[in-house]
Amino acid sequence: MPLTVYNSLVRKLEPFQPVTEGRVHIYVCGPTVYASTHIGHAKTYVSFDVIVRYLRYSGYRVRYVQNITDVGHLLDSGEDRILKGAVRERVEPMELVERYTREYFEGMDALGVVRPDISPRASAHIPEQIEWIKRLLEKGHAYALNGSVYFDVRSFPAYGKLSGRLLEEQEGGARVGAREEKKHPEDFALWKNAEPEHILRWPSPWGWGFPGWHIECSAMSTKYLGETFDIHGGGVDNIFPHNECEIAQAEAATGKPFARYWLLTGSLTVGGVKMSKSLNNFVSLRDALTAYRPEAIRFFILSGNYRSPLDYSEEAMQGASRGWERLVGGYPALLQRLAALPPDSGPISSAASDLAEDVRGRFRRAMDEDFNAPAAIAVLFDFTREVNIRLAAEKAPGQKDLEQYAALYRELAGDVLGLLPKGDSGSRVRESSLIQLLAALRHEARARKDWALSDSIRDRLAEIGVTLEDGKEGTTWKIQ
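Residues numbered from 1 in each chain as written. Predicted model: local features only at pLDDT ≥ 70, side-chain atom pairs only at ≥ 80, totals over all residues. Heavy atoms only, no water.

1. A look at the overall build of the chain
Selection rule: Runs of E in the DSSP output that reach at least two residues are strands. Runs of H or I that reach at least four are helices, and both are numbered from the N terminus. Categorising residues by exposure relies on relative accessible area from a 1.4 Å probe, with only protein chains included: less than 20% of the type maximum marks a residue as buried, more than 50% marks it as exposed, and the intermediate range marks it as partly exposed. Note on contacts: a residue pair qualifies if any of its non-hydrogen atoms lie within 4.5 Å across the two residues.
When helices and strands are tallied, the chain shows 15 helices and 15 strands. Referenced to the eigenvectors of the C-alpha coordinate spread, the extents of the chain come out at roughly 90 × 50 × 35 Å. Counting all 480 residues of the chain, 52% fall into the buried class. A sequence separation of at least 24 residues applies to 74% of the contacts in the chain between residues at least 6 apart.

This is the structure in structure tokens:
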């Protein structure tokens, strides 16, 4: 079954065919770094992390570009978000940018989100944006007024093809402060004139100013991915006006299709209302990571389709934590059992090979259907259940079979979905061996009625998150 994706540009599922065979170029709108990252951002970037991981797992060579917006993203009042944040915190604008850019990447690192191949900043690509604006002026798609430059929406008949909005409905894309000087209310800024006291400003053919929000993504995506590239991603809330404006200015300048596939994530909501800094109903990613394991947050996000809205609550996160524990609980048990077995040069059993082939095939079929992570997770739950049955059987699996099961966990739950705790497999086996040794020592201590040593081993392991369970056959353990 070939990979199919839901293309928001045509509003249907389509077979995925990259521009260049074997390669995928993907651009995702990154954060505007004026305040703390919240868990709503995590929904988008974890979702695209899994998409990129799966494309690479499928054999594609992927170039992943995700921008950092550090200038030009205006509020409806016409204020620059970065400048407003700098005033709020009484710091220099670029100091604010550095603070929240670092916080963003630290949060993504904690969630196991693989960093993009390129993270271009809008402020570092001002020359490219100016050149794009020049091209649009030369082709008659833009006009300059009072030191600002605007895109003439009426010059591009296809404007609205992504959002489906008619031209007469599009006054909502206009910024309040510029409506009177524009030719048409729906026209949008490519370059804004800056007063002398405006800190974020650059010289241009039209005077000192700064770029509009939309032009940065067209300029940076095409610089690194080509004038026509494979996938453009982002949140559904950016369809209009941002994504619509990106398409218009890019295709008007080049005469070529911009992005072939548009993959857009549904919003994270709280009580059915979109999580947003402006509504002050957000949970910072830093706070969420303090309360929950990063893998549990990923599990929560991946438990819903990336295109659908997802409602956040404490109850939902607690349920996700329990679900994650059930899903990956078989992995430490496998490592524990492996550590206790002597080396075995025998072959893998046909039963183990058949199970691995079935699980891998079902997992891939789920992910090939528009990156259906919930269905893929369901496959892994079935796999965990079957492994537990085999571990409890009278004739337990041998070393090679257990290694096969552990490798499949790492491949699917780890490499693709990012749901296994971080660390290399070798260190995990060594860690399991040490814990198994301590558990055996505790069992011997209990047999000698050396309760002080027995309790000490139990308590010290509990301090590092390892729970010991005593039984007739010995002492077993699990990691919390």
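2. Here we look at the packing of helix α5 (residues 213-225) against helix α6 (residues 239-254)
This is how it is decided: Orientation is described by lines fitted to C-alpha atoms, with helices fitted over the stretch in contact, and by angles between N-to-C directions that extend from 0 to 180 degrees. Geometric relationships in this document are graded by angle, where less than 35 degrees denotes roughly parallel, more than 145 denotes roughly antiparallel, 65 to 115 denotes roughly perpendicular, and other angles denote oblique. Crossing handedness is read from the near helix: turned anticlockwise from the far helix by less than a right angle, it gives a left-handed crossing, and turned clockwise, a right-handed one. Gly is placed with the polar residues, together with every amino acid not listed as nonpolar (Ala, Val, Leu, Ile, Met, Phe, Trp, Tyr, Cys and Pro) or charged (Asp, Glu, Lys and Arg).
Where α5 meets α6, the closest approach of the two axes is 8 Å, and the angle between their N-to-C directions is 55°. As judged from the angle between their axes, α5 and α6 are oblique. Like other packed secondary-structure pairs, α5 and α6 cross with a definite hand, here right-handed. Contacts between α5 and α6 involve Trp213, His214, Ile215, Cys217 and Ser218 from the former and Pro241, His242, Cys245, Glu246, Gln249 and Ala250 from the latter. Of the residues in the contact of α5 with α6, the class split is six nonpolar, four polar and one charged.

3. Regarding empty space enclosed by the protein
Note the following rule: Whether a set of points on the 1 Å grid over the protein atoms alone is a cavity depends on a 1.4 Å probe fitting there but being unable to get out, while an open set qualifies as a pocket with protein on both sides within 12 Å along at least five of seven lines; lining residues are those with an atom within 4 Å of a point. Grid points are joined across faces, edges and corners, and a volume is the space filled by probe spheres set on the points.
Scanning the entire structure with this criterion turns up four cavities of 30 Å³ or more. Of the pockets and cavities examined, the largest cavity occupies roughly 80 Å³. Taken together, Ser47, Val50, Ile51, Ile301, Leu302, Gly304, Asn305, Tyr306, Phe371, Ala373 and Pro374 form the lining of the largest cavity. Among the elements that line the lining of the largest cavity, the one with the most residues is helix α1 (residues 39-57), at three residues. Among the residues making up the lining of the largest cavity, the classes are represented as eight nonpolar, three polar and no charged.

4. Quick notes on unusual backbone geometry
Note on backbone geometry: most residues besides glycine have negative phi, and most peptide bonds are trans. Between Phe240 and Pro241 the backbone carries a cis peptide bond, its omega angle lying at 5°. Structurally, Pro241 can be placed in helix α6. For Arg11, which is not glycine, the phi dihedral falls at a positive 60°. Note on placement: Arg11 falls in the loop between β1 (4-7) and β2 (12-15). One non-glycine residue with positive phi stands out, namely Lys449, at about 60°. The residue Lys449 is located in the loop between α14 (425-447) and α15 (451-463) in this model.

5. Some words on the packing of helix α4 (residues 126-138) against α6
Contact geometry for α4 and α6: axes closest at 9 Å, N-to-C directions at 65°. The pairing of α4 with α6 is recorded here as roughly perpendicular in orientation. The interaxial crossing formed by α4 with α6 has left-handed handedness. Across the interface between the two elements, Trp132, Arg135 and Leu136 of α4 pack against Gln249, Ala250, Ala252, Ala253 and Thr254 of α6. Grouping the constituent residues of the contact of α4 with α6 by class yields five nonpolar, two polar and one charged.

6. Looking at the domain arrangement of the chain
Heads up, the condition is: For the domains described, the bounds stem from an automatic or database domain assignment. Two parts placed together each lose some accessible area under a 1.4 Å probe, and the buried area is that loss summed for both. One speaks of a salt bridge when a side-chain nitrogen belonging to Lys or Arg is within 4 Å of a carboxyl oxygen belonging to Asp or Glu. A 3.5 Å cut-off defines polar contacts: any pair of N or O atoms within that distance qualifies, except that in protein one atom must be a possible hydrogen donor and the other a possible acceptor, and neighbouring residues in sequence count only when both atoms are side-chain atoms.
Domain annotation for the chain reports domain 1 (4-139 + 214-291), domain 2 (322-425) and domain 3 (430-479). The straight-line distance from the C-alpha centre of domain 1 to that of domain 2 is 34 Å. Both faces considered, domain 1 and domain 2 share a buried interface measuring about 1300 Å² in area, 58% of it formed by carbon and sulfur atoms. The three residues of domain 1 that bury the most area against domain 2 are Arg53, Tyr54 and Tyr57, which together make up 51% of that side's buried surface. Remark: the boundary between domain 1 and domain 2 carries zero salt bridges. At the boundary of domain 1 with domain 2, the tally comes to nine residue pairs in polar contact (both at pLDDT 80 or more). Counting residues per element, the ones that place at least two in the side of domain 1 that touches domain 2 are β1, α1 and α3 (93-110). Broken down by element, the side of domain 1 that touches domain 2 gets its largest block of residues, six residues, from α1.

7. Digging into the side chain of His141
Mapped onto the elements of the fold, His141 is located in the loop between α4 and β5 (142-145). By relative accessible area, His141 is classed as buried at 14%. Of note is the side chain of His141, whose polar atom sits 2.8 Å from the side chain of Ser155. Not counting the four nearest positions on each side in its chain, His141 is found in contact with Leu136, Tyr150, Phe151, Asp152, Ser155 and Ala252.

8. What to know about the sheet that holds strand β6 (residues 148-151)
What counts, and what does not: For two strands to pair, DSSP has to find at least two bridges joining them.
Across the sheet, which stays open at both edges, the four strands sit in the order β5-β6-β7-β8 with antiparallel pairing between neighbours. The open sheet has two free edges, formed respectively by β5 and β8 (209-211), since each of these has just one partner strand. Going from strand to strand, the sheet's axes swing by 20° on average, the running direction of each strand aside. Note: β6 against strand β7 (residues 188-193), three bridges, orientation antiparallel. What sits directly across from Val149, in β7, is Trp191.

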